[in-house]
Amino acid sequence: MRFVVMSLVQHVQQALDALSQAGLLRSPLTITGPIGPAIILEGKEVICLCSNNYLGFASHPLLVQAIKDGVDKEGAGAGSSRLVSGTLSVHRGAETHLANYLGMGDALLFSSGFSANVGIVSALLTQDDVVFSDSFNHASLIDGCRLNQATVHVYAHRDTADLERLLRLHRSKAREALVISETVFSMDGDVAPVKDIRALCDRYDAALMVDEAHALGVLGPEGRGICAAQSVKPDLLVATLGKSFGMSGAFVAAAPPIIRFLINRARSYIYSTAIPPYMASAVIVATDWVRAADDARRNVLRHADRLRGALRELGFSITDGESPIVPVLIRDPVLSMQLSTRLLERGVFVQGIRPPTVPQGTSRLRIAPMASHSDAQIEQAIAAFAEVRHLSPAGG
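Residues numbered from 1 in each chain as written. Predicted model: local features only at pLDDT ≥ 70, side-chain atom pairs only at ≥ 80, totals over all residues. Heavy atoms only, no water.

(A) Layout of the overall build of the protein chain. Of regular secondary structure, the protein chain possesses 15 helices and 15 strands. By its C-alpha atoms, the protein chain is 60 × 55 × 50 Å across when sized along the principal axes. Here the protein chain, with 396 residues, has 51% of them falling under the buried criterion. When contacts within the protein chain are restricted to residue pairs at least 6 apart in sequence, those whose partners lie at least 24 apart make up 70%. Approximately 17500 Å² of the protein chain is accessible, and the part contributed by carbon and sulfur atoms is 53%. Counting 37 positive and 38 negative side-chain charges, the protein chain places the centres of these two groups 3 Å from one another. (Helix = DSSP H or I, 4+ residues; strand = E, 2+ residues; numbered from the N terminus. Buried < 20%, exposed > 50% of the residue type's maximum accessible area, 1.4 Å probe, protein only. Contact = heavy atoms within 4.5 Å. Areas by Shrake-Rupley, 256 points an atom, 1.4 Å probe, with all protein chains shown as cover. Lys, Arg positive; Asp, Glu negative; His and termini not counted. Charge placed at Lys NZ, Arg CZ, Asp CG, Glu CD.)

And the structure:
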């Protein structure tokens, strides 16, 4: 095959043109000021219904003050990677606090949820091992599996019968086995059958890794997530600090030997500068606040239930769920963005989600209320959806 020679700029412009024609080109909008129930977007105040700031903690005065205090006491940066000179006492304090909160042996901080998942999954297993991954798992888990030398088998979404079929066929061919699943799936808001998955792991001698990013802080006793709600102890529990905790970064909680191994083998940990010490110091404050935030948990879930019921009555395609994530299935990527634009014109910011974030034919609007939204703001959002429903294939 002969290729047309072109410059790098020509090549990427061609790719951008193809994305635009398919309705998949992304152009981030600029927000001014803190992330809260209302934001200033491109100079206009709108209701924000597309943040993962579920408990409204990102701009909470206690957290802001804790970060200010942390800067004064600990400084702005860690200075290097953790294995060089970047492990500070405040990092270990935050990790111990998180491990105690979750009832796990130890914890390890990462710079982001993506770096945590990629680093952990790629480090744990070798070519002699096998991984079983839910088909709807986050891109970071998928990329970790791709970087891993183990054989990877993808099981149908939340389908424990399919998982058991694959375990029965392939577990005995490998030395170690790891089953990986999110607990609340980020784009659908549905919940994994973690208790049944744990039982299969025990039956087939496999380890269980869960990503509680969208559950921690919102669901389960004291906000400890789906595993706590289902009385399950995973072998590894990953979660982010950028959602209910209102900050940035991530961590994994596991038995001390696993944490020690990851310190020595997880490349995204070894070769990254440690998270800022002021952020680590604020983790302790945030953990205690999240643990006590029962009223906020009830409020955000109440908002989500109200949105599901009202939008379903308006004729939109809404799936059942128990998380704050409310997906509105549109299917067409161009129409999804048109609806997002029409809602924004009415003062409601709901982001359209398109491939490759979701599978082809499942483009959607992803609604995510915060505990700090008022009832009036939720009703305003519902009214805006009522005005644009004629554009929706379900609402027309």
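(B) Region of the structure containing the pattern of salt bridges. The final tally for this structure, using the stated rule, is 22 salt bridges. A salt bridge links Asp 188 to Arg 364; the nearest nitrogen and oxygen atoms lie 3.1 Å apart. Taken together, the residues span a long stretch of sequence, with Asp 188 in the loop between β7 (177-182) and α8 (194-203) and Arg 364 in strand β15 (residues 363-367) at a distance of 176 residues. Classification of Arg 364 as buried rests on a relative accessible area of 4%. Overlapping salt bridges bring together Arg 82, Arg 92, Glu 95 and Asp 106 as one network. (Salt bridge = Lys/Arg side-chain N within 4 Å of Asp/Glu carboxyl O.)

(C) Layout of the packing of aromatic side chains. For the structure on display, the rule yields three aromatic pairs. A ring pair is formed by Phe 57 and Trp 289, whose centres lie 3.9 Å apart and whose planes are at 15°; its orientation type is stacked. Here Trp 289 lies in helix α12 (residues 277-291) and Phe 57 lies in the loop between β3 (44-48) and α2 (61-74), a separation of 232 residues in the sequence. (Phe/Tyr/Trp six-rings, centres within 6.5 Å; stacked < 30°, edge-to-face > 60°.)

(D) Main features of the packing of helix α7 (residues 160-170) against α8. Running from N to C, α7 and α8 cross one another at 15°; their axes reach a closest spacing of 10 Å. Considered as vectors, α7 and α8 are oriented roughly parallel to each other. Between α7 and α8 lies a crossing of right-handed hand. Contacts between α7 and α8 involve Thr 160, Leu 163, Glu 164 and Leu 167 from the former and Asp 196, Ile 197, Leu 200 and Arg 203 from the latter. (Axes fitted to C-alpha atoms, helices over the stretch in contact; angles between N-to-C directions. Parallel < 35°, antiparallel > 145°, perpendicular 65-115°, else oblique. Left-handed = near helix turned anticlockwise from the far one by under 90°.)

(E) Spotlight on unusual backbone geometry. In this structure, the amide linkage connecting Pro 355 to the following residue, Pro 356, adopts the cis form with an omega of 10°. Mapped onto the fold, Pro 356 is located in the loop between β14 (351-353) and β15. Although it is not a glycine, Glu 42 adopts a positive phi angle of roughly 50°. Here Glu 42 is to be found in the loop between β2 (38-41) and β3. The phi dihedral of Arg 158 is positive, around 60°, even though this residue is not glycine. On the secondary structure map, Arg 158 appears in the loop between β6 (151-155) and α7.

(F) View of the side chain of Arg 198. Structurally, Arg 198 can be placed in helix α8. Among the polar contacts listed, one links the side chain of Arg 198 to the backbone oxygen of Lys 233, at a separation of 2.9 Å. Excluding residues that lie within four positions of it along the chain, Arg 198 makes contacts with Ala 206, Leu 208, Val 232, Lys 233, Pro 234 and Asp 235. (Polar contact = N/O pair within 3.5 Å; in protein donor to acceptor, adjacent residues only side chain to side chain.)

(G) Region of interest: the packing of helix α4 (residues 89-102) against α12. Two elements in contact, α4 and α12, have axes whose closest approach is 8 Å; the angle formed by their N-to-C orientations is 20°. Taken together, the axes of α4 and α12 lie roughly parallel to each other. Crossing angle aside, the handedness with which α4 passes α12 is left-handed. Note on element contacts: α12 touches α4 through Pro 277, Ala 280, Ser 281, Val 283, Ile 284, Thr 287, Asp 288, Val 290 and Arg 291, opposite Val 90, His 91, Gly 93, Ala 94, His 97, Leu 98 and Tyr 101.

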